[in-house]
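Given next are the chains, with one letter for each unit.
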Amino acid sequence: MSTFKQRTVDFLEIEWATYIERYNRWPAEYGVERVNAQGFSQFRDMLAHVLGWWDEAMPIILAIAEEREYARRKYDFDVFNAESIAKYKDWDEAEFLAQFEKMRQNALADIKAMNEAAFENRRVRAWINGIFISHAREHLVALSRFLTLDTLENEWSTYIQKFDELENKDEFLQKQGFEKFEDVLAHTIGWWDEGTRIVKGVLADPAFVYEDPDTDPFNAALIEKYKNTSSADIRTLFENKRIELVNFVREMPESAFENKIIESWLAADVVEHFDGHAIG
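What counts, and where the lines are drawn
Residues numbered from 1 in each chain as written. Predicted model: local features only at pLDDT ≥ 70, side-chain atom pairs only at ≥ 80, totals over all residues. Heavy atoms only, no water. Helix = DSSP H or I, 4+ residues; strand = E, 2+ residues; numbered from the N terminus. Contact = heavy atoms within 4.5 Å. Expected span 1.5 Å × (residues − 1). Buried < 20%, exposed > 50% of the residue type's maximum accessible area, 1.4 Å probe, protein only. Core = buried A, V, L, I, M, F, W, Y, C linked by side-chain atoms within 4.5 Å. 1 Å grid on protein atoms, 1.4 Å probe; cavity = no way out; pocket = protein on both sides within 12 Å on 5 of 7 lines; lining within 4 Å. Points joined across faces, edges and corners; volume = space filled by probe spheres on them. Nonpolar A, V, L, I, M, F, W, Y, C, P; charged D, E, K, R; others polar. Axes fitted to C-alpha atoms, helices over the stretch in contact; angles between N-to-C directions. Parallel < 35°, antiparallel > 145°, perpendicular 65-115°, else oblique. Left-handed = near helix turned anticlockwise from the far one by under 90°. Bend = angle between axes of the 7 residues up to and from the residue.

Asker: Hey, could you go over the side chain of Ser 84 for me, with residue numbers and the actual values?
Answerer: Relative to the helices and strands, Ser 84 resides in helix 5 (residues 77-88). When sequence neighbours within four positions are dropped, the list of residues in contact with Ser 84 reads Ala 48, His 49 and Gly 52.

Below, the structure is given as structure tokens:
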């Protein structure tokens, strides 16, 4: 099985299979707070939104894979999302959750049955990434070990390479607010170090107390700290820190992901931070 096909299967078998269960671990009030931050009034609406895109995308993915024609459409995302939520608003709760699981299993079966060559198709990859992979990061309401490691091993691992291949590097840096790429790496390294320090502190002592850094001065101090580090050395340090973080996350107890402080720091430092500085 190709690497990308296996990754897609893993998202459906691991990340999305445990998505509801992980959300339900939170106290009700905190869960709603996380969902509201995503722009939804209730978790059920977020699930309906996800189902809407699965239902839309899978026939397209299969048509491309089988080299069949399919109807092209332009999306008004606000309208599409509202329609997805409205479609399920009157469904019984048990029936709705059963539908979510049924569609997940159907998508998994279809993905497994697709020919290997299809996963090299640019449009197939774009649709899969959009609805199964990046969508999980976008609607992160209860971080998993799987998503943490996937982001470290499949996204951050190619970050430097993607920048080197970027045609308009200056435009990217300008949008990100950095003068040079090494500053982006220094910024990332610094937040990884800070997050790891806090997570280790909480793991050692549940009563561990920390103060959130004042973001702007903290970021400025990171740039200053590494300003004389060569490009080669900062790149090597970035990769070493990434590997250290992978090993650290692998060794963490599963219960750590149920701790609000640990979960929120890893979510911010690893997953959300990647999308905040994504290339391309």
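Asker: Could you give an account of helix 1 (residues 3-15), naming the residues involved and the relevant values?
Answerer: Helix length check: helix 1, at 13 residues, gives a terminal C-alpha distance of 17 Å against a target of 18 Å (1.5 Å per residue), a fit within 8%. Every buried residue belonging to helix 1 is among Phe 4, Lys 5, Arg 7, Thr 8, Val 9, Phe 11, Leu 12 and Glu 15, and all of these are buried. Contacts made by the buried residues of helix 1 are with helix 2 (19-23), helix 6 (93-113), helix 7 (122-138) and helix 8 (145-155).

Asker: So what's going on with the nonpolar core? Which residues, and what values?
Answerer: Of all hydrophobic cores here, the largest spans 91 residues; its most connected members are Phe 132 and Tyr 159. Of the residues forming this core, the biggest block, 16 residues, is contributed by helix 4 (residues 43-65). Excluding anything up to four places from it in sequence, Phe 132 contacts Thr 8, Phe 11, Leu 12, Trp 16, Trp 54, Met 58 and Ala 107.

Asker: How would you sum up the layout of surface pockets? Please name residues and give values.
Answerer: There is about 450 Å³ of room inside the largest pocket. Among the elements of the structure, helix 1, helix 7, helix 8 and helix 14 (260-276) are those that each provide at least two residues to the lining of the largest pocket. Counting residues per element, the lining of the largest pocket draws most heavily on helix 7, which supplies five residues. The residue inventory of the lining of the largest pocket, partitioned by class, reads five nonpolar, four polar and seven charged. Approximately 200 Å³ is the volume attributed to the second largest pocket. Around the second largest pocket sit Trp 191, Tyr 210, Asp 212, Ile 261, Ser 264, Trp 265, Ala 268, Asp 269 and His 273, which together line it. With six residues, helix 14 is the single largest residue contributor to the lining of the second largest pocket. Across the lining of the second largest pocket, the residue classes tally to five nonpolar, two polar and two charged.

Asker: Which residues make up the packing of helix 4 against helix 7, and what values go with them?
Answerer: Running from N to C, helix 4 and helix 7 point in directions that differ by 160°, and their axes come no closer than 9 Å. Between helix 4 and helix 7, the interaxial angle falls into the category roughly antiparallel. In this structure, helix 4 crosses over helix 7, and the sense of that crossing is left-handed. Contact with helix 4, carried on its side by His 49, Val 50, Trp 53, Trp 54, Ala 57, Met 58, Ile 60, Ile 61, Ile 64 and Ala 65, involves Arg 123, Val 124, Trp 127, Ile 128, Ile 131, Phe 132 and His 135 of helix 7 and no other residues of that element. Partitioned by chemical class, the residues of the contact of helix 4 with helix 7 number 14 nonpolar, two polar and one charged.

Asker: Could you give an account of helix 4, with specific residues and numbers?
Answerer: The terminal C-alpha atoms of helix 4, which comprises 23 residues, lie 32 Å apart, in line with the 33 Å expected from a rise of 1.5 Å per residue. At Ala 57, helix 4 shows its strongest bend, of approximately 25°, with the proline Pro 59 following within four residues. Within helix 4, 21 of the 23 residues are buried, which leaves it mostly tucked inside the rest of the structure. Trailing helix 4 by a residue or two, Glu 67 shows a phi angle of about 60°, which is positive.

Asker: Please provide a residue-by-residue account of the packing of helix 4 against helix 5, values included.
Answerer: At a closest axis distance of 8 Å, the pairing of helix 4 and helix 5 adopts a crossing angle of 110°. When the axis of helix 4 is compared with that of helix 5, the two are roughly perpendicular. Considering the relative orientation of helix 4 and helix 5, their crossing is right-handed. Facing helix 4, whose interface residues are Arg 44, Asp 45, Ala 48, His 49, Leu 51, Gly 52, Trp 53, Asp 55 and Glu 56, helix 5 presents Phe 77, Phe 80, Asn 81, Ser 84, Ile 85, Lys 87 and Tyr 88.

Asker: Got a sec to walk through unusual backbone geometry? Specific residues and values, please.
Answerer: For Glu 67, which is not glycine, the phi dihedral falls at a positive 60°. With respect to the helices and strands, the residue Glu 67 is situated in the loop between helix 4 and helix 5.

Asker: Could you give an account of empty space enclosed by the protein, naming the residues involved and the relevant values?
Answerer: Applying the stated rule across the entire model yields one cavity of 30 Å³ or more. Sort the elements by how many residues they give to the lining of the largest cavity and helix 11 (residues 181-204) lands first, with three residues. In the lining of the largest cavity, the residues fall into four nonpolar, one polar and four charged.

Asker: Mind laying out the side chain of Arg 7, listing which residues take part and the relevant values?
Answerer: The residue Arg 7 is located in helix 1 in this model. Apart from the residues within four sequence positions on either side, Arg 7 is in contact with Ile 133, Arg 137, Asp 150, Asn 154 and Glu 155.

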